[in-house]
Amino acid sequence: MSAPQRKSSPMDRRRFLKDSARGVAGCAVAGMGLAYLVSDARALPAQAIRPPGALDEDDFLAACIRCGLCVRDCPYDTLKLAELGYDGPATGTPYFTARDVPCEMCDDIPCVVACPTGALDHGLTNIDDADMGVAVLIDQETCLNALGLRCDVCYRVCPVIDEAITLERRHNERSGHHAIFMPVVHSDKCTGCGKCEKSCVLPDAAAIKVLPRRIAMAPAADHYKLGWEDRNPLVDELIDLPDRLPGPGTDNLVAPGGYAPDALPDPNMDGGFAPSYSLPSMGGSN
Amino acid sequence: MSDKTKLPVGQEAIEEFGWLYAHRFLLLRRASQVFFLGLFMLGPWFGIWWVKGNLSGSMTFDVLPLTDPFITLQGFFALYWPETTALIGALIVGVAYALIGGRVYCSWVCPINPVTDGAHWIHEKLGMQKGWQPKQGTRYWILTMVLAVSALTGTIAWEVVNPISMLHRGLIFGMGFAWAFVLAVFLFDIFVSRRGWCGHLCPVGTFYGLLGTKSVLRVSAVKRSDCDDCMDCFAVCPEMHVITPALRGKDDDTPIILSPDCTNCGRCIDVCAMDVFKFTHRFDDTPAPGRVQRTRTQPASGASKAA
Ligand code: SF4
Ligand code: SF4
Ligand code: SF4
Ligand code: SF4
Ligand code: SF4
């Protein structure tokens, strides 16, 4: 408290310095404690799904002020604010548990509209673009369809049916003459709404679960190209295979390194074109 | 020391003006706290959604956004620039408190205030020592620390532990174990440090205090010459150091309590039987002669005892 109007002696000054040092050290310790709690609060459990449009978890914790306006404007009471000690996400932040109440994918996305901070990105205007997570058929031993029955419930309830989730016919090896209709989720279309998880007919946990993308998916290896999606199966500048020359025929190729035929074949020639030199063979191209 | 200091605090004012009048600002304040909490509870309890959200951010009648400016500031430190709605909300709240006194939030709105006031009441009843009293500068260090942690972790750091939002959000949306934070503050104020939380540590109060540094609404010890040294105002003031410069000022010192720590709670007005204090604005220059000089040591020793 105030000890005013005393001339500051070296004693006072030393005490002042000691007090300040103590204060700063105390705050530093408190700050480290706080930082620890903050980093602890970052651990978002896999089953806690953020609302549509939620920023990445790191940005979300800088943006969300935990006001609960998204919760209030959700007509299906999907969203909850996490309660300390009961729920996993950072205290007071909005999330939902798909198995309890999934997101109904409202056309007007009221939760996003209500968010005053943009923690739910206002750029999300089409709910089909939402990316709350990805459904994964995680238990392929108990899923009824995987056993060869026709349950199909998760498939039927999906708001993006036949795009986000499809049934793929496989041979039933067990019976030998039946089909298995495997529910298969397509991550580019699945919004993570959790309708499938909610509806899975299994008694306790669902065989199909919505997981955050960071858990559900592995990043594609960028040195590996899918030939059936990309007409050029080779990684540019790594390998060079013979280029095809214009003109008729299947094997008028030119080898890398500038080995070119002297002249192009005459297209008017009768009976086709027979090369006068041997070409490098391309395995399996027939 | 005058005999009056031995009377219970506020006794003379009660005898002079009656109990109700001698508690008018306290009662108003409690009413205001109940009112602001009640507004938020209308929705969850009665389905009347005039006000949605909580003190961190709210929407009233679907048109008026309000945002806690301290939370917004932490967001800035975490390098996040929010949508306009939140910015407008923070601006409205910020300007309002800058005008009426930042710590009006503390005494009239904050839900922790009844908790710490209750703790103080018990603390006095138990006749406890004042305990650990952090230095006046501590709260500013804590405020700095909170902003630093926000910047370092890229999060709104204080919201991880803030007992105010824990309590307020807890009451509206569900508490979980958030009551533990509130209980901690309560026990801290009873057993560890008199007026410790709100008076020395809470960074929210500190922020609002700074926000209200130039606030218009202020309390003035305008009739300070009538002061009879009963020390009741010091006993009830949650930030008693703010009173001395105004009350004990000389003729040409301003009688207005200009310290941003003053919460504008009006309790000093309540308990003063000599009617020394009143609410006014900071530009009020009503002449307020100081007291006739007395033997110097008395008030000072009284003040430090009350402290
Ligand atoms: S999209 Fe609709 S159902 Fe889904 S969280 Fe938002 S408001 Fe709720
Ligand atoms: S409305 Fe936005 S800021 Fe408020 S709790 Fe929901 S996500 Fe967070
Ligand atoms: S979570 Fe399930 S229901 Fe929702 S879009 Fe994805 S597959 Fe469909
Ligand atoms: S609802 Fe469940 S059991 Fe049925 S097909 Fe889908 S995942 Fe399998
Ligand atoms: S100091 Fe903090 S806890 Fe106390 S009343 Fe003010 S804001 Fe609330």
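Residues numbered from 1 in each chain as written. Chains lettered and ligands numbered in written order. Predicted model: local features only at pLDDT ≥ 70, side-chain atom pairs only at ≥ 80, totals over all residues. Heavy atoms only, no water.

Enquirer: Would you take a moment to explain the overall build of chain B for this structure?
Expert: Across its full length, chain B holds 15 helices and five strands. For 307 residues, the compact-globule estimate of 2.2 N^0.38 gives 19 Å, and chain B sits close to it at 20 Å. Among the 307 residues that make up chain B, the fraction classed as buried is 54%. Once local pairs closer than 6 in sequence are excluded, the contacts in chain B between residues at least 24 apart make up 75%. Measuring between centres, the 27 positive side-chain charges of chain B sit 4 Å from its 24 negative side-chain charges. (Helix = DSSP H or I, 4+ residues; strand = E, 2+ residues; numbered from the N terminus. Rg over C-alpha atoms; globule rule 2.2 N^0.38 Å. Buried < 20%, exposed > 50% of the residue type's maximum accessible area, 1.4 Å probe, protein only. Contact = heavy atoms within 4.5 Å. Lys, Arg positive; Asp, Glu negative; His and termini not counted. Charge placed at Lys NZ, Arg CZ, Asp CG, Glu CD.)

Enquirer: Before we go on, may I ask you to explain the interface of chain B and chain A in this structure?
Expert: How large an interface is tends to be reported as the accessible area lost when its parts come together. With 46 residues of chain B at the contact, the number on the chain A side is 38 residues. Buried area between chain B and chain A, summed over both chains or domains, comes out near 3,400 Å², and the portion from carbon and sulfur atoms is 71%. Contact with chain A buries surface across chain B, with Y80(B), V160(B) and F173(B) losing the most and accounting together for 17% of the total. On inspection of chain B and its partner chain A, the count reaches one salt bridge. (Buried area = accessible area lost by both parts, 1.4 Å probe. Salt bridge = Lys/Arg side-chain N within 4 Å of Asp/Glu carboxyl O.)

Enquirer: Could you clarify how one ought to interpret the site of ligand 3 in this entry?
Expert: Lining the immediate environment of ligand 3, one finds A135(A), C158(A), P159(A), C190(A), T191(A), G192(A), C193(A), G194(A), K195(A), C196(A) and V210(A). Partitioned by chemical class, the residues of the shell around ligand 3 number seven nonpolar, three polar and one charged. (Near = heavy atom within 4 Å. Nonpolar A, V, L, I, M, F, W, Y, C, P; charged D, E, K, R; others polar.)

Enquirer: Teacher, can you tell me more about the domain arrangement of chain A here?
Expert: All names here are of chain A. Taken domain by domain, chain A comprises domain 1 (25-130) and domain 2 (133-217). The C-alpha centroid of domain 2 is placed 26 Å from the C-alpha centroid of domain 1. In this complex, domain 1 contributes 16 residues to the contact, which on the side of domain 2 involves 23 residues. Of the roughly 1,400 Å² buried at the junction of domain 1 and domain 2 (both faces included), carbon and sulfur atoms supply 52%. When the buried area of domain 1 at its contact with domain 2 is split by residue, Q47, R99 and M105 rank highest and sum to 42% of it. One can count one salt bridge joining domain 1 with domain 2. Two residues, E104 and K195, come together in a salt bridge whose shortest N-O distance is 2.9 Å. Applying the counting rule to domain 1 against domain 2 returns nine residue pairs in polar contact (both at pLDDT 80 or more). (Domains from an automatic or database assignment. Polar contact = N/O pair within 3.5 Å; in protein donor to acceptor, adjacent residues only side chain to side chain.)

Enquirer: Explain the packing of helix α7 (residues 138-153) of chain B against helix α11 (residues 203-211) of chain B here, please?
Expert: What describes two packed helices is the angle between their axes and the distance between those same axes. Residues and elements named next belong to chain B. The contact between α7 and α11 brings their axes to 9 Å, and the two run at 100°. Relative to α11, α7 is oriented roughly perpendicular. In this structure, α7 contributes R139, Y140, I142, L143 and V146 to the contact, and α11 contributes P203, T206, F207 and L210. Its residues assigned to classes, the contact of α7 with α11 comprises seven nonpolar, one polar and one charged. (Axes fitted to C-alpha atoms, helices over the stretch in contact; angles between N-to-C directions. Parallel < 35°, antiparallel > 145°, perpendicular 65-115°, else oblique.)

Enquirer: Would you explain the domain arrangement of chain B in this entry?
Expert: All names here are of chain B. Each assigned domain of chain B is listed with its residue range as follows: domain 1 (3-22 + 216-306) and domain 2 (50-211). When each unit is reduced to the centre of its C-alpha atoms, the spacing between domain 1 and domain 2 is 27 Å. Counting residues at the interface gives 15 residues for domain 1, matched by 18 residues for domain 2. A combined buried area of about 1,100 Å² lies between domain 1 and domain 2, and 41% of that area is made up of carbon and sulfur atoms. A salt bridge links E239 to R139; its shortest N-O distance comes to 2.8 Å. Taken together, the links from domain 1 to domain 2 amount to ten residue pairs in polar contact (both at pLDDT 80 or more). Residue composition of the side of domain 1 that touches domain 2, by class: ten nonpolar, three polar and two charged.

Enquirer: Help me understand the pattern of salt bridges in this model?
Expert: Between side chains of opposite charge, a pair can form when the charged atoms approach closely. Residue and element names in this part refer to chain A. Under the definition given, this model contains 21 salt bridges over all chains. The partner of K189 in a salt bridge is E163, with the nearest N and O atoms 3.7 Å apart. You can see K189 sitting in the loop between β5 (178-185) and α6 (195-199) and its partner E163 sitting in the loop between α5 (153-157) and β4 (165-172), a full 26 residues away along the chain.

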